[in-house]
Amino acid sequence: MDFRSIVAQGSALANATTDSLLLVLTPEQALTQDPALDSLIKDAQSGHDFELKAGRTLYVHRPQGVKAARVVLAVAADDSSKSFKSAVSKGLGQLKDLGTAQVVVAAGAGCKLTADHARALVQAASDLTYVYRQTKPSAPNASKLSKVALASSADEAAVVKAGLLEGQGVAAGVALARECANLPGNHCTPTFLAQEAKRLAKEFKNIQTEVLERAAIAKLGMGSFLSVTAGTVQPPKFIILRYNGAAKTQAPLVLVGKGITFDSGGISLKPGAGMDEMKYDMGGAASVLGTFRAIAELKPKVNLIGLIPSCENMPSGTATKPGDVVTSMSGQTIEILNTDAEGRLILCDALTYAERFKPAAVVDIATLTGACVIALGNQHSGLFSKDDALAEALLNAGKQAGDTAWRMPIDDEYGEALKSNFADLANVGGREGGAITAAVFLSKFTKAYRWAHLDIAGTAWKSGAAKNGTGRPVSLLTQFVLNQATAAKDALAPLPAAADKAPARKTPARRRAVA
Ligand code: BES
Ligand code: MN
Ligand code: ZN
């Protein structure tokens, strides 16, 4: 799709030669300062066809004094990029069935357009046109939209232009994440994810990919990760991505994505209803790949590492059993009371592996718990961190990108539930606070660096008739990484000196290879 910014105010808007004009208005700032358009809006209001109430839209065919064949009015709750995006989505939705190919989008006079608005527009348009075709080539186009222009004032033009470009990088990453997530489990295997990571490195010279096979994973001592893959014939993969945009001496950000390509629950088998959706259990991995896709294009001055432990979780005669005790790479032993709490078992070893990069910060992303879906529903991802500055930076990036997270508690006391008589840790607590106990479990492996955990179980995909990957939280993560590079106000507070964050692990001596 082609995105551009145009400087157009007043009669320039009414003279825009395009299929359609989409006007985003807010209840406060209704008018456009274009005589033809303003009289159209007033007329619609007085005829009670239209109200300046958030969520309302009005389609007008061949209005007088306007060159575009159609005008759609869409009302946004306020001037924020979030409200702008939902009004644009609604407005573009109105034009979907009309075969509109080109549209000029304009905001009401008085709305100050920012890069966030421009990115929101790109994301709304890309979401509208995305169609999954990999295993359904016959799927029809969702929309004919191919050219979108955002009208701005002369002094907004530069940020709008930059925002449109950034938005396209992010949208490509979101689309990649959606595509990977939507692929069925028999297509999207750990081997496929590894190939996809290698393909990224081939397409973008600024990305390097390395894939560790079972033998190398065992040699590292990742006994917890390997216990999850014991029941399947699909080989596990540990995928490492690197993007170097800054000096080698600069500590990298590390993203760790849960890559369970199908989660049957293992011996603690899940119920049948809706089990197909567990193909989405690699949503964290998909978001890491998508973020790398976006960063490769946008080239910020940061260093970034991506880690993806990937395997299937299946039952069989060789599968891990409830009560089995395994030794993680950290040396801590884990009693696996429920084989369906497998995400934390693969992540904990990846989090230990992350130590070697001496990271500035580590963020893991995982479709980790059904409990998080119960707590937060599908609007916000769950954010867990003891590091206020890191949490703040992630929350802000989410707000900026329209891909929000909500902070959850992570007090050590919740860890009481993870006590075991037979190992250092049990892999499950009770049902209560399940998203929190999962986060506390992970925290036991993250003592060497600044860390945050995103539980995306409720946000990575949509269920029901609209079943589809969302590509979340690629936008949040990309924005977070970009903010670190530009030292924006949303960047992380300066790091404590390295000495302040020495590994606090007590048991490195027990680290050893597993067969
Ligand atoms: N992948 C699931 C979490 C999940 C479930 C995400 C439903 C989205 C929708 C995870 O591996 C899991 O099975 N978690 C268990 C943990 C429990 C056994 C402590 C859960 O949430 O039920
Ligand atoms: Mn599970
Ligand atoms: Zn899972």
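Just so it is clear, the structure is predicted and the values come from calculations on it, not from any experiment.

Conventions we followed
- Residues numbered from 1 in each chain as written.
- Chains lettered and ligands numbered in written order.
- Predicted model: local features only at pLDDT ≥ 70, side-chain atom pairs only at ≥ 80, totals over all residues.
- Heavy atoms only, no water.
- Helix = DSSP H or I, 4+ residues; strand = E, 2+ residues; numbered from the N terminus.
- Rg over C-alpha atoms; globule rule 2.2 N^0.38 Å.
- Areas by Shrake-Rupley, 256 points an atom, 1.4 Å probe, with all protein chains shown as cover.
- Lys, Arg positive; Asp, Glu negative; His and termini not counted.
- Charge placed at Lys NZ, Arg CZ, Asp CG, Glu CD.
- Near = heavy atom within 4 Å.
- Polar contact = N/O pair within 3.5 Å; in protein donor to acceptor, adjacent residues only side chain to side chain.
- 1 Å grid on protein atoms, 1.4 Å probe; cavity = no way out; pocket = protein on both sides within 12 Å on 5 of 7 lines; lining within 4 Å.
- Sits in = over half its atoms within 2 Å of the grid points.
- Nonpolar A, V, L, I, M, F, W, Y, C, P; charged D, E, K, R; others polar.
- Pairing = 2+ DSSP bridges.
- Axes fitted to C-alpha atoms, helices over the stretch in contact; angles between N-to-C directions.
- Contact = heavy atoms within 4.5 Å.
- Points joined across faces, edges and corners; volume = space filled by probe spheres on them.
- Donors = N, O, S within 2.8 Å, 3.2 Å for Na, K, Ca; no water.
- Tetrahedral: all angles 85-135°; square planar, octahedral: opposite > 155°, others 65-115°.
- Buried < 20%, exposed > 50% of the residue type's maximum accessible area, 1.4 Å probe, protein only.
- Expected span 1.5 Å × (residues − 1).
- Salt bridge = Lys/Arg side-chain N within 4 Å of Asp/Glu carboxyl O.
- pLDDT = per-residue confidence, 0-100.
- Parallel < 35°, antiparallel > 145°, perpendicular 65-115°, else oblique.

Right, let's talk about the overall build of the protein for a bit. The secondary structure content of the protein amounts to 14 helices and 20 strands. Computed over its C-alpha atoms, the radius of gyration of the protein comes to 24 Å, within 12% of the 24 Å expected for a compact globule of 515 residues. Its C-alpha atoms give the protein principal-axis dimensions of roughly 80 × 50 × 45 Å. On the protein, roughly 20,800 Å² of surface is accessible, and the fraction owed to carbon and sulfur atoms is 53%. Averaging the locations of the 56 positively and 47 negatively charged side chains of the protein gives two centres separated by 6 Å.

Surveying the vicinity of ligand 1 reveals 16 residues, the closest of which are D263, K270, D340, E342 and G370. Here D281 contributes a side-chain N or O atom positioned 2.9 Å from a nitrogen atom of ligand 1. Contact between ligand 1 and T367: a nitrogen atom at 3.3 Å from a main-chain N or O atom of the residue. Computed on the free molecule, ligand 1 has an accessible area of 510 Å², of which 77% lies beneath the protein chains in the complex. Of all the cavities here, the one that holds ligand 1 is the second largest pocket. A breakdown of the residues in the shell around ligand 1 according to their chemical character gives five nonpolar, four polar and seven charged.

In this section: the sheet that holds strand β6 (residues 147-152). The six strands lie next to each other as β1-β6-β5-β2-β4-β3, forming an open sheet whose pairing is mixed. One side of each edge strand has no neighbouring strand; the edge strands of this open sheet are β1 (2-7) and β3 (57-61). Taken pair by pair, the neighbouring strands of this sheet meet at an average axis angle of 20°, ignoring direction. For strand β2 (residues 20-25) and strand β5 (residues 102-107), the ladder comprises five bridges, and the chain directions are parallel. Within the sheet, the bridge partner assigned to L22 lies in β5 and is V105. Together, β1, β5 and β6 form the strand contacts of helix α4 (residues 115-129), whose direction differs from that of β6 by roughly 160°.

Think of a ball as big as a water molecule: rolled over the atoms, this probe shows where empty space is left. Taken as a whole, this structure holds five cavities of 30 Å³ or more when the rule is applied. Within this model, the largest cavity holds a volume of roughly 80 Å³. Within the lining of the second largest cavity, the residues separate by chemical class into six nonpolar, four polar and two charged.

This paragraph deals with the coordination of the zinc ion (ligand 3). Ideal geometry at a metal centre gives angles of 109.5 degrees when four donors are arranged tetrahedrally and 90 or 180 degrees when six donors are arranged octahedrally. For the zinc ion (ligand 3), every protein donor is listed as K258 (NZ), D263 (OD), D281 (OD) and E342 (OE), and the spread of their distances is 2.0 to 2.4 Å. Angles of 78 to 175° at the metal separate the six donor atoms of the zinc ion (ligand 3), which places the site in the octahedral class. The buried category is assigned to D281, whose relative accessible area is 1%.

To summarise the sheet geometry, strands pair through backbone hydrogen bonds and adopt either a parallel or an antiparallel arrangement. Strand order in this open sheet of three strands is β12-β13-β17, and the pairing throughout is mixed. Both edges of this open sheet fall to β12 (324-327) and β17 (425-426), since each of them pairs with a single strand only.

Protein coordination at the manganese ion (ligand 2): the donors are D263 (OD), D340 (O), D340 (OD) and E342 (OE), at 2.1 to 2.2 Å from the metal. Taken together, the six donor atoms coordinating the manganese ion (ligand 2) and their angles of 72 to 168° define a geometry best described as irregular. Positions of the donor residues of the manganese ion (ligand 2) along the chain correspond to the pattern D-x76-D-x1-E. The two metals, the manganese ion (ligand 2) and the zinc ion (ligand 3), are separated by 3.2 Å and share D263 as a common coordinating residue. Within this pair, whereas D263 is found in strand β10 (residues 259-263), its partner E342 is found in the loop between β13 (333-336) and α10 (343-354), the two being separated by 79 residues in sequence. A relative accessible area of 1% means that E342 is categorised as buried.

With 16 residues, helix α9 (residues 283-298) should reach 22 Å at 1.5 Å per residue; the first-to-last C-alpha distance of 22 Å fits that figure. Burial analysis of α9 places 14 of its 16 residues in the buried class, which makes it a mostly covered element. Downstream of α9 by a residue or two, K299 has a phi angle that is positive, lying close to 50°.

By the definition in use, this model includes 21 salt bridges. Residue E210 pairs with R242 through a salt bridge whose shortest N-O separation is 3.3 Å. With a gap of 32 residues between them, E210 in strand β7 (residues 207-212) and R242 in strand β8 (residues 237-244) connect regions that are remote in the sequence. Overall, E210 belongs to the partly exposed group, its relative accessible area being 34%. In this structure R242 comes out as partly exposed when scored by relative accessible area, which is 26%. With a shortest N-O distance of 2.6 Å, D412 and K386 are connected by a salt bridge. In this pair, D412 sits in the loop between β16 (405-407) and β17 while K386 sits in the loop between β15 (381-384) and α12 (388-401), placing the two residues 26 residues apart along the sequence. Where salt bridges share partners, they join D116, R119 and E166 into one cluster.

Before going further, it helps to spend a moment on unusual backbone geometry. Residue P473 is reached from R472 by a cis peptide bond, and omega for that bond is 0°. For P473, the location among the structural elements is in the loop between β20 (468-469) and α14 (474-486). Although it is not a glycine, Q33 adopts a positive phi angle of roughly 65°. You can call Q33 exposed: its relative accessible area is 62%. Even without glycine at this site, K358 takes up a positive phi of about 45°. When you line up the elements, K358 lands in the loop between α10 and β14 (361-366).

For the rest of this paragraph, the subject is the confidence of the model for the protein. Looking at the protein as a whole, the pLDDT averages 94, with 95% of positions reaching at least 70. In the predicted structure, residues 495-509 sits below a pLDDT of 50 and forms 17 contacts with residues beyond four places in sequence or in another chain.

The geometry of helix α6 (residues 190-203) relative to α9 is characterised by a closest axis approach of 11 Å and an angle of 5° between their N-to-C directions. As summarised for this structure, α6 and α9 are arranged roughly parallel, according to the angle between their axes. Counted together, L193, E196, A197 and L200 of α6 and A285, L289, F292 and R293 of α9 form the full contact between these two elements. A per-class count over the contact of α6 with α9 returns six nonpolar, no polar and two charged.

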